[in-house]
Every structure is written in C-alpha cells, then in structure tokens.
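Listed below are the residues making up each chain.
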Amino acid sequence: MKIAIIGTGNLGSSIAKGLIKNKSFTSLYLSDKNTAAVQAFYKEDYVTITSDNAEAVKNSDVVIFALQPRHIEGVMESVAKCIKKHHVIMSVAAGFEISKIESLIGADKNIIRVMPNTAISIGKSMTCLAANDKGEDKIELAKKIFNQLGATMVIPEEQIQAATVICASGIAFWMRLIRATTQGAIQLGFEAEEAHELAVQTCFGSASLLLESGKHPEQEIDRVTTPSGCTIEGLNAMEHQGLSSALIQGIVASFEKINHLKNS
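Computed from a predicted model, the values in this text were never measured in an experiment. (Residues numbered from 1 in each chain as written. Predicted model: local features only at pLDDT ≥ 70, side-chain atom pairs only at ≥ 80, totals over all residues. Heavy atoms only, no water.)

## Observations concerning the overall build of the protein chain
Next up, step 1: When helices and strands are counted, the protein chain shows 10 helices and eight strands.
Next up, step 2: In terms of overall dimensions, the protein chain has C-alpha extents of about 70 × 40 × 35 Å along its principal axes.
Next up, step 3: Across the protein chain, contacts joining residues at least 24 apart in sequence account for 59% of those joining residues at least 6 apart.
Next up, step 4: Total accessible area on the protein chain is roughly 15100 Å²; 55% of this is exposed by carbon and sulfur atoms.
Next up, step 5: Across the protein chain, the 25 positively charged side chains and the 28 negatively charged ones have centroids separated by 8 Å. (Helix = DSSP H or I, 4+ residues; strand = E, 2+ residues; numbered from the N terminus. Contact = heavy atoms within 4.5 Å. Areas by Shrake-Rupley, 256 points an atom, 1.4 Å probe, with all protein chains shown as cover. Lys, Arg positive; Asp, Glu negative; His and termini not counted. Charge placed at Lys NZ, Arg CZ, Asp CG, Glu CD.)

## What to know about the domain arrangement of the protein chain
Next up, step 1: Considered domain by domain, the protein chain is made up of domain 1 (2-154) and domain 2 (164-262).
Next up, step 2: Taking the mean C-alpha position of each, domain 1 and domain 2 sit 32 Å from one another.
Next up, step 3: Every contact between the two is made by 10 residues of domain 1 and, on the other side, six residues of domain 2.
Next up, step 4: In total, domain 1 and domain 2 occlude about 600 Å² of area from one another, counting both sides; carbon and sulfur atoms represent 71% of this.
Next up, step 5: Along the contact surface separating domain 1 from domain 2 lie zero salt bridges.
Next up, step 6: Counting every contact that joins domain 1 to domain 2 gives one residue pair in polar contact (both at pLDDT 80 or more).
Next up, step 7: Residue classes in the side of domain 1 that touches domain 2 are distributed as six nonpolar, three polar and one charged. (Domains from an automatic or database assignment. Buried area = accessible area lost by both parts, 1.4 Å probe. Salt bridge = Lys/Arg side-chain N within 4 Å of Asp/Glu carboxyl O. Polar contact = N/O pair within 3.5 Å; in protein donor to acceptor, adjacent residues only side chain to side chain. Nonpolar A, V, L, I, M, F, W, Y, C, P; charged D, E, K, R; others polar.)

## Some points on the UniProt feature "domain: Pyrroline-5-carboxylate reductase dimerisation" (unreviewed entry) in the protein chain
Next up, step 1: UniProt records the feature "domain: Pyrroline-5-carboxylate reductase dimerisation" (unreviewed entry) at residues 157-259, using the numbering of this structure.
Next up, step 2: Within residues 157-259, the helical portion is 83% and the strand portion 0%, while the C-alpha atoms at the span's ends are 13 Å from each other. (UniProt positions renumbered as here; feature names shortened; annotations may be inferred.)

## Focus: the UniProt feature "binding site: NADPH" (unreviewed entry) in the protein chain
Next up, step 1: UniProt's feature table lists "binding site: NADPH" (unreviewed entry) at Asn 53, given in the numbering used throughout.
Next up, step 2: Note that Asn 53 resides in helix H2 (residues 53-58).
Next up, step 3: A relative accessible area of 19% places Asn 53 in the buried class.
Next up, step 4: Not counting residues up to four positions away in its chain, the partners in contact with Asn 53 are Ile 6, Ser 31, Val 75 and Val 79. (Buried < 20%, exposed > 50% of the residue type's maximum accessible area, 1.4 Å probe, protein only.)

## A closer look at the environment of Glu 194
Next up, step 1: Structurally, the position occupied by Glu 194 is in helix H7 (residues 192-213).
Next up, step 2: The exposure class assigned to Glu 194 is partly exposed, which follows from its relative accessible area of 41%.
Next up, step 3: Counting along the chain gives 129 residues from Glu 194 to Phe 65, while the straight-line C-alpha distance between them is 40 Å.
Next up, step 4: In this structure the side chain of Glu 194 is engaged in a polar contact, spanning 3.1 Å, whose partner is the backbone nitrogen of Glu 191.

## Here we look at the side chain of Ser 13
Next up, step 1: Within the secondary structure layout, Ser 13 lies in helix H1 (residues 10-22).
Next up, step 2: A polar contact of 2.8 Å, which involves the side chain of Ser 13, links it to the backbone oxygen of Thr 8.
Next up, step 3: Apart from residues lying up to four places away in sequence, Ser 13 is in contact with Thr 8, Val 38 and Phe 41.

## Some remarks on the sheet that holds strand E5 (residues 88-91)
Next up, step 1: The strand order across the open sheet formed by eight strands is E3-E2-E1-E4-E5-E6-E7-E8, and the pairing between neighbours is mixed. Edge positions in the sheet fall to strand E3 (47-50) and strand E8 (150-154), since each of these pairs with one other strand and no more. In this sheet, neighbouring strand axes are inclined to one another by 20 degrees on average, regardless of whether the strands run parallel or antiparallel.
Next up, step 2: Relative to strand E2 (residues 27-31), strand E1 (residues 2-6) runs parallel, the two being bridged by five bridges. If you follow Ile 3 over to E2, its bridge partner there is Leu 28.
Next up, step 3: The sheet contacts of helix H5 (residues 139-147) involve strand E4 (62-65), E5, strand E6 (110-115), strand E7 (125-131) and E8, and relative to E8 the element is tilted by about 155 degrees. (Pairing = 2+ DSSP bridges. Axes fitted to C-alpha atoms, helices over the stretch in contact; angles between N-to-C directions.)

Listed below in structure tokens is the structure:
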C-alpha cells in the first residue's frame with residue numbers, strides 16, 4: 001500500500017512508527033510544514049519526508065490526516081483537487097465529522113474516521129473506525145492496516161466522540177492510575193524504579209488476564225479477594241474514597257468537553 005500521513009505530531013508520528021515497525025506499506029509519505037520534526041524517519045527505507053501535502057496525496061492511495069481540528073479544514077481544502085475516487089481518506093481529527101469532510105472533498109470519496117491512541121507506535125492501539133456510505137467498502141482495508149497496529153472496532157460515527165475519551169484520553173487516565181500505584185509503592189518502601197516496574201508489570205498482567213480469559217474484571221477480582229483479607233480491605237477503602245465514581249466522573253467530564261469543542 002502507498003500511504004501518506006499528513007501531519008506528524010504526536011499521533012501522526014506514532015502511526016508512522018507503527019507502520020514502519022510492521023513494514024505495512026510499499027511507500028510512506030510523511031508530510032509536515034516542519035520537516036525537522038520528523039528527522040528520525042529520514043533514514044527509513046521507502047519513506048519520503050516532504051512539506052508538500054499535494055505531493056504526498058498524489059503519490060499515495062491511502063491518506064491519513066493526522067491533524068488537529070483547527071488545522072484540518074484548511075489543509076483538506078488545499079489538497080481537495082488532488083483527491084481522486086480511488087483514494088481512501090482517513091481522518092484522526094477529534095470532532096471533525098464525516099459530513100464536514102464530505103463538504104470539503106465530496107461525498108463520492110472513501111472517507112473513514114479513525115480514532116487510535118498513542119500506543120499505536122508499539123502496535124498496541126485500540127483503534128475505532130467509522131465510514132461514510134462510500135467508504136464502507138474500504139473498512140476491511142482500514143482494519144487490515146490498523147489491526148497490525150493493535151486492535152480495531154467498527155462503530156457508528158456518533159460513538160466516535162465517546163471512543164476518543166475511552167481510548168485516546170484513556171491512555172492518560174491509565175497512566176495516572178499507574179503513577180498513583182507507583183507513588184503508593186514508594187510510600188511502602190520501594191525505590192522509585194522498583195515501584196514503577198511493579199506498577200507497570202502488574203497493570204500489564206491485569207489487562208492480559210482479561211484479554212486472554214475473556215472474563216469480567218469482577219471474576220478476576222474474586223480470585224484475589226479472601227474473606228477479611230488485605231485485598232478487599234484495600235478495595236473497600238478505595239471505593240469509600242470514590243475511586244470508581246471519580247474515574248467515571250472524569251470520563252463523563254472529558255466527554256462533555258469534547259462535545260463542547262465540537263459544537264463551538
């Protein structure tokens with residue numbers, strides 16, 4: 001596949017790293033007005049660095065717009081004439097709806113909204129996909145690309161905002177929980193590096209258990225909570241302090257904010 005990524009900020013660079021790691025292309029164009037920002041990719045085989053967005057589009061079949069919402073409209077307008085019916089257009093811009101993209105490049109184009117997270121750089125992203133009517137035929141292609149970079153889920157476009165909170169913002173939420181666990185371990189006497197390793201590996205193990213077993217979290221919790229034991233004591237203390245409630249409130253607050261940005 002000939003792929004172009006327009007915009008190489010944190011997310012665009014993460015997608016590029018994942019594609020390069022998995023050798024998921026025959027050619028890859030990385031286009032950004034600041035080409036110095038992607039200097040690390042200059043020596044990669046079959047990768048072209050450019051500041052010419054039109055050049056990147058013309059030399060690609062799949063074009064991923066990894067731009068912030070305030071920039072994507074102008075960039076899409078500038079390359080609209082270069083986008084042909086064979087192109088598969090993907091956008092990772094939060095809040096930038098398919099109808100808006102269609103108004104810029106035409107409803108006869110294959111358009112797919114993509115919501116990955118930064119774990120895509122190591123092939124561990126949870127990526128949600130939603131397509132316009134024309135792009136439905138290209139969903140399998142999108143899944144083929146992004147399944148190499150983690151896992152995918154096809155959802156209705158109206159759920160993309162929620163997926164952004166759970167999957168993209170969710171990375172930060174889980175990082176904060178790991179950080180708190182690390183701080184707790186330090187308070188219990190571990191050195192900082194030891195505490196970090198203990199927290200990260202335990203988090204990884206927890207997620208892996210659920211992925212491989214398919215069990216509900218409460219089933220795994222039941223396996224490590226004994227009557228009058230230390231685990232249930234800790235869990236109950238956390239719940240008394242509002243752990244689950246705080247996390248849910250944070251998710252809802254993030255969702256309300258993203259909807260406000262969409263409508264502003």
